[in-house]
Every structure is written in structure tokens, then in C-alpha cells.
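# Observations on the model geometry
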Amino acid sequence: MTYSLNWNLDTIYPGGIHSPEFADKLKLLAQQIADLKTAVNDYNLVNDTNFKTFSQLTADNQTIFSGLRTATLFVNALSAADYTNSEYRPYQTKVAQLSVAYQTPLNAFSKLLTTFSDDDFNQALATPAIAPVAFHLKGLRHQAARLLDDKTEQLLATLKLDGLDAWSEHYDTISAGLTMTYTDENGVQQTLSAGQALNRIDDYPDNTIRAEIMRQYEKMWGNAENLAADTLNHLAGARLTEQAAHGYDDFLAEPLELNHLSRQTLNTMWQVVDDNKAMFKDYFNRKAQLLDLDKIGWQDQSAPITKLGDYTPTTTTYDEAAAFIIKNFGKYSPKMAAFAQHAFENQWIEAENRPGKTPGAWMESVPDIHESRIITTFTGSVNDSATIAHEIGHGFHTSVLTDLPVWRDDYAMNVAETASTFAEMLIADANVQAAKSDAEKVVLLDAKMANPIAMFLNIRARFLFENSFYAERQAGFVPAKRLNELMSAAQEQAFGGILDELHPHFWASKLHFYINDVPFYNFPYTFGYLFSQGIYAWAQTQENFEEAYIALLRDTANMTTEELAQKHLGVDLTKPDFWQAGADLIKQDIDEFLKLSEQFV
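First, a word on what this report is: a plain description of the structure on this page. (Residues numbered from 1 in each chain as written. Predicted model: local features only at pLDDT ≥ 70, side-chain atom pairs only at ≥ 80, totals over all residues. Heavy atoms only, no water.)

Before going further, it helps to spend a moment on the overall build of the protein chain. Secondary structure assignment for the protein chain yields 25 helices and five strands. For 601 residues, the compact-globule estimate of 2.2 N^0.38 gives 25 Å, and the C-alpha radius of gyration of the protein chain, at 24 Å, lies within 12% of that figure. With the C-alpha coordinates aligned to their principal axes, the bounding extent of the protein chain is approximately 80 × 55 × 45 Å. Pairs at least 24 residues apart make up 76% of the contacts formed inside the protein chain by residues separated by at least 6 positions. Of the side-chain charges in the protein chain, 46 are positive and 79 negative, and the distance between the mean point of each set is 1 Å. (Helix = DSSP H or I, 4+ residues; strand = E, 2+ residues; numbered from the N terminus. Rg over C-alpha atoms; globule rule 2.2 N^0.38 Å. Contact = heavy atoms within 4.5 Å. Lys, Arg positive; Asp, Glu negative; His and termini not counted. Charge placed at Lys NZ, Arg CZ, Asp CG, Glu CD.)

Okay, structure coming up:
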């Protein structure tokens, strides 16, 4: 192999969890946090007429912010690659405690901003050292109005370790301990971890066995439903309590604020999604015919078409996937291609298919050394290549910001999903365009449909479920049986009755519901997908796409989402036209799929 399936974490801190450099970093962060606390408390605006001291406070905050992100990534990466190893948990706690300790001087710094008059604040923002992070500082000043007194904020931050954070970690413990068995087509009993089972549900070619894996997967999570229900309820309860303490009037207010997104934009997007869900019905009816299925179950959403006419899909090697990604990125942006090649060559990606890894895929930046790390599980399917491209898209986004202050890398999740989904779209389209026959093109169009199905239907169901769940959680504990009912209702509504078999325990099996740092973690994916659809269409009209695209990415932590779209794309996100244009692109793919596949029915 040209490229390794395993990542290299030694360039961050050599020697693993017991690295002396990692230990020194934790000690340094503790000292930096203590020093910042003193410096903020001692600050006097009257004696800082040129804002030199204030500029240093801003820089010191970012140094700590960068260090904490790097240390957090390091220990979480070790844990994710060796999911069942309990040795990492104490170190994750140490890093989390440092993050809590940093919250005190950060809150004090935020409150300090409110003591500036508007004139003084605007003058400070205009200074060259501070101007690049003006938008972030405005956000801190706005958030400071919600903060309670220092002792209460410190208590809330400390309790979070054994509250919100702890319940999120507890879910990891539950998931790591689950296994299930099924019998394959050769009559051999196979045992899968939760993460492996999820991959098998997505890509297993045999209809009967895929359905059996789904039944056993649902049963496995059903056996753990009470543990999962406790975890989800306490996690949500902790979040609702903290939101109420900070004056949020409803549970969607905070995630909208974090995503710099208006409620009107979110409602418009979801209305367009709901208005267009019917177009998937014909697609799924045809897919059922091609798969020789009488009905479509949850496990069939992204099931591969294994044979069509004389064409039989083949798997691809990791090296082949890498070469394909690099080549097709280069058609739009040589810098994207160069970044992808650098990531493969320098072992930034953990892709080995083995038990004991965390489910799913993610990318995190390593700001102290201007690198990224990606984890996924590569099995050779077409969708695997698209997943790697998605995560490399995240990494490229971060890479074009490394010359800016680190707070300019703190972009919201909804726009974070734009670069990644755009990169994924490039590879999905390239796969379709490279087809050598109608049959191959049908198979690849079907693989490409996995993304819009997830964004329009699956994630819509997650959003509907979370809305219902949080509404009921405000009144008290929501038991597992009721959670199953809420999830089934959400899937019925989102899919418009397309699915004959649902996944009632999806609330338990989906990691995204248990992530502690961002409330309502799911809807930004749909936003990012449709936003990237607009960028993709826009790319076709740009003479110098790469330059314009990078300019957009560099502004993602520098303005609201609506301002970003208006400045770089000239569109109003509160109007349905932009979102409908994205839906129309999906309809084109569905129409082509139906037209080409008719001959194989």
C-alpha cells in the first residue's frame, strides 16, 4: 500500500497517553489559565489607552483555546481508535477539568467586554491586533449578558463534568460494551460491535441478511434501552437546566445562537425539505424493484445495488480511493487536491476496519501544529470514498484559516458542514460521471442518493424527534417506551410513509443525540448539505472558483450565516428560492435514476 490505514498521533505528542510532552502541555495550560485569570482581574481600561494590554488578553485567550483543542483532540483520538480501553478516561477527565478551569477567566473576560462603552469597544475592535476576531468578541460580549455571578458560573461549569459531560461519556461506555451476532450467507455466526453493525447495515449486499442484522441491531439496543433512556433524559435535563439558568426562553434558542442562524432561516429550510419529501417515493419504489424487495425497511435506505444487468459493483482499495479523491478535487481546486494528498501521505487518517473503534467518522483540527486528524472505517464501498472526502473537506476548511487568529477557526457547525459536504458531492458526482455503462451509472446514482436521503429524510426525523422529546422532557422524565413512540412518529412524518419498517430505537443507537458540546447537533448537517448544493451550482459559474471558495471559507467565523450567504453568494436564506434550488438538483438525479433504471426492471 502507498498510504497507511492508521494515523500518526506522535507528531502531536510522541509516546501516546504517557507522553512527557503531553504531561508538560497539561501543566502549561494550568499555568496559563491561572495567569489569565489574574491578568483579567487586574485589567484597567483607563491605563490602556492604546488597547495594548487588551490585545494581549485577547491573544492569551486564543493561546489557551488552541492548546485545549489540541490536548482534547489528542486524548479523544487515542480513545476513539481504541474505544474499549479504559486507560484514556482519566486523561479525558483531566483535559475536561482544564476546560472547566478556563471557563472562569473566559467568563471574566467576556464580562469585561460589557464594561467598555460602545465607543471604547468599537475603538478596540478597530485596532489591527483585534480586528480579525471582532465578530467573535462581539459574540462574547453578547453572551456575557446571560452569565450569572462568577461563583455560580464556576459551580455550573464544575457540575457539568459530572452532569452533561458525564452522561455523554456514559453513552460511550454503553455503546462500547454492546455486541450482537448474526448468521452470514455461509451459515457462519458472526459477532459485531455496535460500530461494526452500523457499517454492515449500511452496506451489506444480501437483503435477507441485512434485514437480520437490522433485527438483531434493534434488539441489541432494545436490551439497552433503559440505560440509554436514563442517559438521554439526564443529558437533556442537564442542558435544559443550564439553558434556563442562562435565560433562554426555549430549547432551540441556544443552538440557533451557536450557529449564528435566524429562526426564520431554519423554518424556511425545513419547510422546503418537507415540501419536497414526496419526490423520494418514486425513487424508493424503483429501488425496491431493483433490489427485489416487496417493501423498504430502515436498513434499505442506503443498501447497495449489488447486480444490475451484466454489471456487478466491485470494491475499491484505500489507495485507489485516495487517488480518486486527489484527482477529482484537483478539477475544482489544486489546493484541495494538494491538501488531500498531504493528509494521506502524512497519516492524518485512521481508516482501518477493525473492532474497538468508535462508530461513525469525524475530523478535528490540531491548532497548535496546524494539522487535522480524521477517523473513519474503510471497507471499500463507494460510500466510503465519499465519507473520506467529506472529512478531508472539513480539514481543508481549517487549513485555509491557519494564517488567521485561532478564534477565526471557531466557525459554527452549520457552515462547518458546508465544505465537507461540498467535497463529498464532488466525489459522488465524479463517480457518476466516470460510469462506463447505464447499469454502472444507475448503481452510482443510487450511491449518490445516500446523502440527500440522509439530509432530507433521516436528519429531518432526528430534528422532529428532538423537538418532541425536549418539549416533553421539560415536564419530566420520558421513558424508553415513549421515546420509541416519538421516534417512530418522527420517522413516519419525515419519510412520508415511505418506510414499511422503522427503527424505533434510533434514539438510542445514534451517537449524535448524545454529543455534549452542541445542542441539536443534527440540523446543521441538512443546512450544510443544501448550502453546499448552492455553492456547487455557483462553482460552475466562477472563472476562478478556488479563490472565491477560499474567500467564503475564510469568512465563516466572521459574520452571521445570512450575511455570509449574502456577501459571497448574493442570496437571501430567509427566502425559499435558494433552498428549493438545492432540492431541484436532487430531483434531477432522481429523474435520471428513474429513466436509466427503467430498462432493468
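Anyway, onward from the coordinates.
Assignment of secondary structure puts S79 in helix α2 (residues 52-81). Every residue in contact with S79, bar those within four places of it in the chain, is listed here: Y88 and Q92.

Turning our eyes to something else, we now look at the packing of helix α14 (residues 318-330) against helix α15 (residues 334-345). How two helices sit against one another is set out by the angle between their axes and by the gap between those axes. Relative orientation of the contacting elements α14 and α15 amounts to 160°, with a least axis distance of 6 Å. In terms of axis orientation, α14 runs roughly antiparallel to α15. Contacts from Y318, A322, I325, I326, F329 and G330 of α14 reach α15 at P334, M336, A337, A340, Q341 and F344. Residue composition of the contact of α14 with α15, by class: ten nonpolar, two polar and no charged. (Axes fitted to C-alpha atoms, helices over the stretch in contact; angles between N-to-C directions. Parallel < 35°, antiparallel > 145°, perpendicular 65-115°, else oblique. Nonpolar A, V, L, I, M, F, W, Y, C, P; charged D, E, K, R; others polar.)

Counting through the fold element by element, D165 comes out in helix α7 (residues 164-176). Sequence spacing of D165 and A238 is 73 residues, and the spatial spacing of their C-alpha atoms is 9.5 Å. Once residues lying within four places of it in the same chain are set aside, the contact partners of D165 are K160 and N516.

This paragraph deals with the pattern of salt bridges. Pairing between side chains of opposite charge can happen when their charged atoms approach one another. In total, this model carries 25 salt bridges according to the counting rule given. Where R146 meets E257, a salt bridge forms, and the shortest distance between an N and an O atom there is 3.4 Å. With a gap of 111 residues between them, R146 in the loop between α5 (134-144) and α6 (150-161) and E257 in helix α11 (residues 253-258) connect regions that are remote in the sequence. The class for R146 is partly exposed, based on a relative accessible area of 23%. Its relative accessible area of 22% is what places E257 among the partly exposed residues. (Salt bridge = Lys/Arg side-chain N within 4 Å of Asp/Glu carboxyl O. Buried < 20%, exposed > 50% of the residue type's maximum accessible area, 1.4 Å probe, protein only.)

We now examine the packing of helix α22 (residues 523-539) against helix α24 (residues 561-569). Where α22 meets α24, the closest approach of the two axes is 12 Å, and the angle between their N-to-C directions is 10°. Viewed along their axes, α22 and α24 adopt a mutual orientation that is roughly parallel. Mapping the contact onto sequence places F527, F531, I535 and W538 in α22 and T561, L564, A565, H568 and L569 in α24. Here the residues of the contact of α22 with α24 sort into seven nonpolar, two polar and no charged.

What follows covers the sheet that holds strand β5 (residues 371-375). Read across the sheet, three strands follow the order β3-β5-β4 without closing on themselves; strand pairing throughout is mixed. Strands at the two margins of the open sheet, each flanked by one partner only, are β3 (349-350) and β4 (362-366). Sheet strands in contact with helix α16 (residues 382-399) are β3, β4 and β5, and its direction is about 25° off that of β4. (Pairing = 2+ DSSP bridges.)

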